[in-house]
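# Observations on chain architecture
Given next are the chains, with one letter for each unit.
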Amino acid sequence: MSEVIVAYWSGSGNTEAMAKLVGDGIREAGKEAKVISVDDFPASGLADCSVFAMGCPSMGDEELEETIMLPFVEEVEKFVSGRTIGLFGSYGWGDGEWMRSWVERMENAGAHVIGGEGVICNEAPDAQAEEDCRALGKSLAEAAE
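Residues numbered from 1 in each chain as written. Predicted model: local features only at pLDDT ≥ 70, side-chain atom pairs only at ≥ 80, totals over all residues. Heavy atoms only, no water.

Each helix and strand counted, the chain has four helices and six strands in total. Reading the helices (α) and strands (β) of the chain from amino to carboxyl end gives β-α-β-β-α-β-α-β-β-α. For 145 residues, the compact-globule estimate of 2.2 N^0.38 gives 15 Å, and the chain sits close to it at 13 Å. For the C-alpha atoms alone, the extent of the chain along its principal axes is close to 35 × 35 × 25 Å. Of all 145 residues assigned to the chain, the portion counted as buried reaches 49%. Partitioning the intrachain contacts of the chain with sequence separation of at least 6 by distance along the chain shows that 77% fall at a separation of at least 24. (Helix = DSSP H or I, 4+ residues; strand = E, 2+ residues; numbered from the N terminus. Rg over C-alpha atoms; globule rule 2.2 N^0.38 Å. Buried < 20%, exposed > 50% of the residue type's maximum accessible area, 1.4 Å probe, protein only. Contact = heavy atoms within 4.5 Å.)

So, in structure tokens, the structure goes:
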């Protein structure tokens, strides 16, 4: 596999910025990256992928976005067993509970989540978050060997 898909939903643009950085990391590691909004990509598009990433910011009471991303994730849950995935997203409040819940959900469905905790940042990615996103992309590219 030479292409790694990075599917995301972004409300303010912060998670989109993270998705692009994950894509940069994939490309820096020598693989192709397809960075695409879930608005323009069906969950079934990941069904044949052994490695991919998903991104979503924290919404409401530290939850995944309910109208677009949650149905996407519910569909992915049906086929994610045995896959290696990366999770990422931004938040404006709280402590990352939504990401811990999302990681647990994907692991319970049989996925291997790189890093075991996802990559999060408060608001727009700062220098550390940029580095973490690129590192996630590199790890995804290595897993796609």
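A rise of 1.5 Å per residue sets the reference length of helix H3 (residues 97-108), with its twelve residues, at 16 Å; its end C-alpha atoms lie 16 Å apart and thus fit the reference within 8%. Taken residue by residue, H3 has Trp98, Met99, Trp102, Val103 and Met106 as its buried positions. Buried residues of H3, viewed axially, fall in a sector of 135°; they line one side. On the buried face of H3, the contacting elements are strand E3 (51-55), helix H2 (69-77), strand E4 (84-91), strand E5 (112-113) and strand E6 (119-122). Where H3 terminates, the next one or two residues include Gly110, which has phi positive at roughly 105°. (Expected span 1.5 Å × (residues − 1). Arc of directions from axis to C-beta.)

All right, on to H2 then. Restricting attention to buried positions, one finds in H2 the residues Met69, Phe72, Val73 and Val76. On an axial view of H2, the arc spanned by its buried residues comes to 95°, and they lie on one face. The elements touched by buried residues of H2 are strand E1 (3-8), E3 and H3.

Time to look at the packing of helix H1 (residues 14-28) against helix H4 (residues 127-143). Close contact between H1 and H4 brings their axes to 7 Å; oriented N to C, the two are set at 45°. Comparing the axis directions of H1 and H4 gives the class oblique. In this structure, H1 crosses over H4, and the sense of that crossing is right-handed. Between H1, through Met18, Leu21, Val22, Asp24, Gly25, Ile26 and Glu28, and H4, the contact on the second element is made entirely by Glu130, Cys133, Arg134, Leu136, Gly137, Lys138, Leu140 and Ala141. (Axes fitted to C-alpha atoms, helices over the stretch in contact; angles between N-to-C directions. Parallel < 35°, antiparallel > 145°, perpendicular 65-115°, else oblique. Left-handed = near helix turned anticlockwise from the far one by under 90°.)

Counting 30 residues, the largest nonpolar core has Leu46, Met54, Phe72, Trp102 and Met106 as its most contacted members. For this core, the secondary-structure elements that each account for two or more residues are E1, E3, H2, E4 and H3. Looking at this core element by element, the count peaks at five residues for H3. In this view, Met54 contacts Ala7, Leu46, Met69, Phe72, Val76, Ile85, Gly86, Leu87, Phe88, Trp102 and Met106; residues no more than four positions away in its chain are not counted. (Core = buried A, V, L, I, M, F, W, Y, C linked by side-chain atoms within 4.5 Å.)

Overall, the coordinates contain eight salt bridges when judged by the stated rule. For Lys20, the salt bridge identified is with Glu16, shortest N-O distance 3.6 Å. Residue Lys20 and its partner Glu16 are located together in helix H1, separated by four residues, close to a single helical turn. On the accessibility criterion, Lys20 (45% relative accessible area) is partly exposed. (Salt bridge = Lys/Arg side-chain N within 4 Å of Asp/Glu carboxyl O.)

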